[in-house]
Amino acid sequence: EDEDEDEDEDEDEDEEEEEETSQSEESEESDVEDRIPRKSLAEEELGEEGEGKVGSILEEYLCIHDINEAKECIEELWSIGYKRSAVNEEVVRRGLLLAFDAGDQESELMGKLFANMVEQGVFSKDDVARGICGVLEELPDTAIDFPKAPQLLSQLMKGYLERELMNRDLVRDGLNALRQASPATAKAFDDFPSL
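Residues numbered from 1 in each chain as written. Predicted model: local features only at pLDDT ≥ 70, side-chain atom pairs only at ≥ 80, totals over all residues. Heavy atoms only, no water.

*Asks:* Before we go on, may I ask you to explain the pattern of salt bridges in this structure?
*Replies:* When the charged atoms of two side chains with opposite charge come close together, those side chains can pair. All chains considered together, the criterion is met by 10 salt bridges. Where Arg 93 meets Glu 138, a salt bridge forms, and the shortest distance between an N and an O atom there is 2.8 Å. Note that Arg 93 is positioned in helix 4 (residues 84–102) and Glu 138 in helix 6 (residues 125–145), a separation of 45 residues in sequence. For the salt bridge of Lys 112 with Glu 108, the shortest nitrogen-to-oxygen distance reads 3.9 Å. Of the two residues, Lys 112 and Glu 108 are both situated in helix 5 (residues 104–119); the distance of four residues between them amounts to about one turn of the helix. Each member of the salt-bridge network shares a partner with another, and the members are Glu 90, Arg 93, Arg 94 and Glu 138. (Salt bridge = Lys/Arg side-chain N within 4 Å of Asp/Glu carboxyl O. Helix = DSSP H or I, 4+ residues; strand = E, 2+ residues; numbered from the N terminus.)

Right, dumping it as structure tokens:
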């Protein structure tokens, strides 16, 4: 009987260890998931194929600098069923990230594209602001690979504010979130006008 009791106790201890290990593994998985950048709503709505199409439009624009061609391609994405706001937001977000990778001239070209799209009524001020907020959310990680990205974004955003091309409230919320998440990265926006 004593042997049976010892075996039962051993089994209970094994089960407890398995539960603790399982809980520990779940905790580690959730920690990892928290560190993986989340996809923006636009990325989720577009899917990989839509994201690829947006990327192709922007890469072509950076090569040929034809705003009208880019506009037609963006409108074509809407016509084949991609949600307008998701496409527009992703164009801004992805366009800025491409510009950081390429340089000052490309940043200027993207700025011209976005300004033109707002002025023609293709993009709303909310679309531009949401795209920028998507970049602000990723900026601490982006700045590791592209240290000039925070300064470039700050300069572009100042120009957009002066020309009233983006929703100030949405951008203010994005900047506040960046300041909380990464004060070091947010220093590039210390001289940013109050919103």
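*Asks:* For this particular structure, what's the right way to read the packing of aromatic side chains?
*Replies:* The geometry of an aromatic ring pair comes down to the distance between the two centres and the angle between the two planes. The full count for this structure, using the stated rule, is two aromatic pairs. An angle of 70 degrees between the planes, with centres 6.4 Å apart, marks the rings of Phe 114 and Tyr 160 as edge-to-face. On the criterion of sequence distance, the pair formed by Phe 114 in helix 5 and Tyr 160 in helix 7 (residues 149–162) is long-range, its members being 46 residues apart. Seen from their ring centres, Phe 189 and Phe 192 are 6.0 Å apart, and the 70 degrees between their planes marks the pair as edge-to-face. Under the relative-accessibility criterion, Phe 189 is labelled buried at 0%. Classification of Phe 192 as buried rests on a relative accessible area of 9%. (Phe/Tyr/Trp six-rings, centres within 6.5 Å; stacked < 30°, edge-to-face > 60°. Buried < 20%, exposed > 50% of the residue type's maximum accessible area, 1.4 Å probe, protein only.)

*Asks:* Sorry if this is basic, but what is going on with unusual backbone geometry here?
*Replies:* As a rule of thumb, non-glycine residues mostly have phi less than zero, and peptide bonds are mostly trans rather than cis. A positive phi angle is found at His 65, which is not glycine, with a value near 60 degrees. Looking at the element boundaries, His 65 is found in the loop between helix 2 (41–64) and helix 3 (67–79). His 65 gets classed as partly exposed once you look at its relative accessible area, which sits at 38%. Residue Glu 164 is not a glycine yet carries a positive backbone phi of 55 degrees.

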